[in-house]
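Descriptive structure summary
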Amino acid sequence: MFPNSFCPKCKKPIEWYDNIPVLSYFLLKGKCRNCSTAISFRYPLVEALTGLLFLLLYLNFGVSFALLRGVILTGFLIIIGFIDFDTQYIFEATTIPLVLAGLFLSLLPGGNPWNSLLGVITGAGILYIIGMASIILFKKEGMGGGDVYLAGAIGAFLGWKGAIAMLFVSFMIGALISLVLIGFKVLNRKAMIPFGPYIAASALAVLFLGDKLIYLAMPLLPRN
Ligand SMILES: [Zn+2]
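Remember, predicted model here, so these are calculated numbers, not experimental data.

Reading the values: the criteria
- Residues numbered from 1 in each chain as written.
- Predicted model: local features only at pLDDT ≥ 70, side-chain atom pairs only at ≥ 80, totals over all residues.
- Heavy atoms only, no water.
- Helix = DSSP H or I, 4+ residues; strand = E, 2+ residues; numbered from the N terminus.
- Buried < 20%, exposed > 50% of the residue type's maximum accessible area, 1.4 Å probe, protein only.
- Contact = heavy atoms within 4.5 Å.
- Areas by Shrake-Rupley, 256 points an atom, 1.4 Å probe, with all protein chains shown as cover.
- Lys, Arg positive; Asp, Glu negative; His and termini not counted.
- Charge placed at Lys NZ, Arg CZ, Asp CG, Glu CD.
- Phe/Tyr/Trp six-rings, centres within 6.5 Å; stacked < 30°, edge-to-face > 60°.
- Expected span 1.5 Å × (residues − 1).
- Arc of directions from axis to C-beta.
- Donors = N, O, S within 2.8 Å, 3.2 Å for Na, K, Ca; no water.
- Tetrahedral: all angles 85-135°; square planar, octahedral: opposite > 155°, others 65-115°.
- Patch = residues over 30% accessible without salt bridge, like charges linked within 9 Å, V, L, I, M, F, W, Y side chains within 5 Å.
- Salt bridge = Lys/Arg side-chain N within 4 Å of Asp/Glu carboxyl O.
- Polar contact = N/O pair within 3.5 Å; in protein donor to acceptor, adjacent residues only side chain to side chain.
- Domains from an automatic or database assignment.

Here we look at the overall build of the protein chain
When you go through the protein chain residue by residue, the secondary structure sums to eight helices and zero strands. For the protein chain, the α and β elements follow one another from N to C terminus as α-α-α-α-α-α-α-α. Counting only C-alpha atoms and orienting by the principal axes, one finds that the protein chain spans roughly 60 × 45 × 30 Å. Counting only residues that meet the buried cut, the protein chain has 36% of its 224 residues in that class. Excluding contacts between residues fewer than 6 apart, the proportion of contacts in the protein chain whose partners are at least 24 apart in sequence is 66%. Carbon and sulfur atoms provide 71% of the accessible area of the protein chain, an area that totals close to 13800 Å². Across the protein chain, the mean location of the 16 positive side-chain charges is 7 Å away from that of the 9 negative side-chain charges.

Okay, here's the thing in structure tokens:
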């Protein structure tokens, strides 16, 4: 938000009427009004994705504290997932506020502060242990510190069962996509693949599907 949005090429600040999500991109035909440099398609893509997910959250949760929690988690996941995809880095400036937000929001009606705290410990703890095991067994870093913080933050929102389900789904998607990419020789075996986008996508899946994925990840869990 600070400073205002500006064109990365000519640096001219973008007026509000040229900064309307999705719409402005098409009205400007994908070009800066001042210097005509092409605007990345990623802007309308991220804007449309955010709008679509917020709409689905509203349809799923109605006007409620669960909607507030969902909107905040989803907004951060989009930011973190796209930045990790680009830079292979998950910034603490995005994950630590998300941990705090999750813990704070669990104090509102419908929340469960103990489950939220346990979710942070479960999500971050499992990835921390996997990261340590990878260093000891394979002598290489398998999990970045940012992934540990991110999994903890998601646990703060989804609770300990949600954190386990999220990790289960993200390893499944991660393994599947990596195998396909290596199979088609898009990547080689040694390539570093950012894990954040898988974690973000899996967290969204658990947010929407909840118990269905929790019982898939933990079939022996007693059903209540
Ligand atoms: Zn420009």
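Overview of the packing of aromatic side chains
What the rule picks out here adds up to six aromatic pairs. Each member of the aromatic cluster is reached from another via a ring pair, and the members are Y25, F26 and F41.

Some remarks on helix α4 (residues 92-105)
Given a rise of 1.5 Å per residue, 14 residues ought to cover 20 Å, and the 19 Å separating the end C-alpha atoms of α4 matches this to within 8%. Those residues of α4 that sit buried are T94, T95, L98, V99, A101, G102 and L105. Down the axis of α4, the sector holding all buried residues measures 170°, keeping them to one side. Those residues of α4 that are exposed and aimed more than 90 degrees away from the buried face are A93, L100 and F104. Against α3 (65-87), α5 (113-138) and α6 (145-183) lie the buried residues of α4.

Here's the deal with unusual backbone geometry
Despite not being glycine, K11 has its phi angle at roughly 70°, a positive value. Look at K11 and you get exposed, because its relative accessible area is 52%. Of note, the phi angle at K185 is positive, near 60°, even though the residue is not glycine. Position of K185 among the secondary structure elements: in the loop between α6 and α7 (196-209). Residue classification places K185 among the exposed positions, given a relative accessible area of 71%.

Considering the coordination of the zinc ion
The coordination sphere of the zinc ion contains the protein donors C7 (SG), C10 (SG), C32 (SG) and C35 (SG), at a distance range of 2.3 to 2.4 Å. Around the zinc ion, the four donor atoms sit at angles spanning 105 to 114°, and that spread fits a shape best called tetrahedral. On the primary sequence, the residues serving as donors to the zinc ion are separated as C-x2-C-x21-C-x2-C. One end of the pair, C7, is in the segment before α1 (23-27); the other, C35, is in the loop between α1 and α2 (42-61), and 28 residues separate them in sequence.

So, the side chain of S24
Among the secondary structure elements, S24 is positioned in helix α1. With residues up to four places along the chain from it excluded, the contact list for S24 reads Y17, D18 and N19.

Points about a nonpolar patch on the surface
There is a patch of nonpolar side chains on the surface, built from Y128, I129, M132, I135, I136, L137 and F138 and spanning about 780 Å² of accessible area. Here I135 lies in helix α5. I135 sits in the partly exposed class, given a relative accessible area of 38%.

Quick word on the environment of L158
Structurally, the position occupied by L158 is in helix α6. Separated by 41 residues in sequence, L158 and I199 place their C-alpha atoms 13 Å apart. Setting aside chain neighbours within four positions, we find L158 in contact with L73, A163, A203, V206 and L207.

Considerations on the side chain of T94
Tracing the backbone through its elements, the reader meets T94 in helix α4. On the basis of relative accessibility, which here comes to 15%, the residue T94 falls in the buried class. At 2.6 Å, the side chain of T94 and the backbone oxygen of F91 are in polar contact. Residue contacts for T94: discarding those within four places in its chain leaves F76, I79 and I80.

Thoughts on the domain arrangement of the protein chain
The parts lose accessible area when they come together, and the size of an interface is often stated as this lost area. Its domain assignment divides the protein chain into domain 1 (1-39) and domain 2 (50-217). One C-alpha centre belongs to domain 1, the other to domain 2; they are set 31 Å apart.

So, α7
Over its 14 residues, α7 extends 20 Å from the first C-alpha to the last, a length consistent with the 20 Å expected when each residue adds 1.5 Å. Along α7, the positions that sit buried rather than exposed are G196, Y198, I199, A200, S202, A203, L204, V206 and L207.

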